[in-house]
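Descriptive structure summary
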Amino acid sequence: LVAGDDAGSKLDKAQKLEVLRTALPRYKLTPPRLHKAVVRLRDAGFDKCLLAIKSAAKNPWNHGQNSSGWKMDLYDYLFRNYEQVEKFADMEVQE
């Protein structure tokens, strides 16, 4: 996918809004988190962000099943930069 391009998306606008609506109750959308989400959606695009989230969600390690009990934070870890989103999105594509 081209950064910021939703051309190949299998979700229509209503489905995309539903994904975002259901994710909102899980996190308090503070101004810094909103800023990170907006920046990532602009530079990576909705499709790549969604692929990255799906990829991260599949790995139990990201949910605390590791020796330290560390859990991935969507905004602080996954959305910290474009490269991180790209890395996780590429994992989803390769599977």
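Before any of the text, the structure's been laid out above.
Below or above, wherever it landed, is the structure these notes cover. Bear in mind the structure is a predicted one, so any value in this text is a computation, not a measurement. (Residues numbered from 1 in each chain as written. Predicted model: local features only at pLDDT ≥ 70, side-chain atom pairs only at ≥ 80, totals over all residues. Heavy atoms only, no water.)

To continue, consider the overall build of the protein chain. Per the secondary structure count, the protein chain includes four helices and zero strands. The secondary structure elements of the protein chain, listed N-terminal to C-terminal, are α-α-α-α. Taken over 95 residues, the protein chain has a buried fraction of 28%. Of the contacts formed within the protein chain by residues at least 6 apart in sequence, a portion of 68% connects residues at least 24 apart. Entry remark: accessible area of the protein chain is about 6,400 Å², with carbon and sulfur atoms responsible for 56%. (Helix = DSSP H or I, 4+ residues; strand = E, 2+ residues; numbered from the N terminus. Buried < 20%, exposed > 50% of the residue type's maximum accessible area, 1.4 Å probe, protein only. Contact = heavy atoms within 4.5 Å. Areas by Shrake-Rupley, 256 points an atom, 1.4 Å probe, with all protein chains shown as cover.)

Judged by nonpolar contacts, the single largest core of 14 residues is most densely connected at Ala-52, Leu-78, Phe-79, Val-85 and Phe-88. Looking at this core, the elements that each hand over two or more residues are helix 2 (31-58), helix 3 (74-78) and helix 4 (82-94). Tallying contributions element by element places helix 2 first for this core, with five residues. (Core = buried A, V, L, I, M, F, W, Y, C linked by side-chain atoms within 4.5 Å.)

Time to look at the environment of Asn-62. Its place among the elements puts Asn-62 in the loop between helix 2 and helix 3. For Asn-62, a relative accessible area of 7% corresponds to the buried category. Placed ten residues apart in sequence, Asn-62 and Met-72 show a C-alpha to C-alpha distance of 5.0 Å.

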